[in-house]
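If you want the building blocks of each chain, they are given just below.
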Amino acid sequence: EVWWIDSDIILNDDFRNRLENFSDLSFLVAEEPKFGGYVKQGKRTEGWGFKVGNLLPFCPNSGVIRACSKHVPLLERWKELLESDVHRKGQSKPFYKRPLQMRSDQDVLTSLLESREFSWVSVEFLRRGRDIVQDYCPIDYSLKERLTNLLFGLPPFIHSQGLKPWWAL
């Protein structure tokens, strides 16, 4: 088992204490922030020319990932696409002019996870508000999530995607 945790994530608790509801063999990712709502399902996959095999309920956020040895083919393919000339060319454009499947590393990952080639991968999500605070802008961390966290405690992961608490303002 290996974990990737972005450098702009604050660990509020030992997250390993909260994993009992997740399968040890699932590929675990975070649910994308609310602002990035999941639109155009399958379009990222089709953009790479892959056949769609599995539509996900949420757009993955690659800020937190857990993988195991059975996911090595997925990780290798992801690396291959990220290093491809096609992706590099897409990355040379301003963000909003890039093809949907090449806007960021997680769009490439979404393309693969929804492809027929990797439809065998069981994907589970750290849920926004319950397992992870996704804080890009105020709308991402809803009033309901804030009140729930006030009553029951913060999730173990706090993803500071927008303003960073360590920046001097």
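Everything discussed here concerns the structure shown above.
Thresholds applied
Residues numbered from 1 in each chain as written. Predicted model: local features only at pLDDT ≥ 70, side-chain atom pairs only at ≥ 80, totals over all residues. Heavy atoms only, no water. Pairing = 2+ DSSP bridges. Helix = DSSP H or I, 4+ residues; strand = E, 2+ residues; numbered from the N terminus. Axes fitted to C-alpha atoms, helices over the stretch in contact; angles between N-to-C directions. Contact = heavy atoms within 4.5 Å. Salt bridge = Lys/Arg side-chain N within 4 Å of Asp/Glu carboxyl O. Buried < 20%, exposed > 50% of the residue type's maximum accessible area, 1.4 Å probe, protein only.

### Quick look at the sheet that holds strand β5 (residues 123–126)
Here is step 1: Reading across from one edge, β1-β4-β3-β5 is the order of the four strands in this open sheet, with mixed pairing throughout. With partners counted over all chains shown, the strands left at the sheet margins are β1 (2–5) and β5, one partner each. Pairs of neighbouring strands in the sheet enclose a mean axial angle of 30°, with direction left out of account.
Here is step 2: Direction of pairing for strand β3 (residues 27–31) relative to strand β4 (residues 60–67): antiparallel, over a ladder of four bridges. In the sheet register, Glu 31 faces β4, and the bridge partner there is Pro 60.
Here is step 3: Most of the contacts of helix α4 (residues 105–113) go to β4, to which it runs at about 65°, and overall it touches β3, β4 and β5.

### Some points on the pattern of salt bridges
Here is step 1: Taken as a whole and assessed by the stated rule, the structure comprises 13 salt bridges.
Here is step 2: With its nearest N and O atoms 2.9 Å apart, the salt bridge here joins Asp 8 to Lys 164. Taken together, the residues span a long stretch of sequence, with Asp 8 in the loop between β1 and β2 (9–11) and Lys 164 in the segment after β7 (157–160) at a distance of 156 residues. Across the pair, exposure class does not vary: Asp 8 and Lys 164 are buried alike.
Here is step 3: Among the salt bridges present, the one from Glu 145 reaches Arg 128, with a minimum N-O distance of 3.3 Å. Taken together, the residues span a long stretch of sequence, with Glu 145 in helix α5 (residues 143–152) and Arg 128 in the loop between β5 and β6 (132–135) at a distance of 17 residues.

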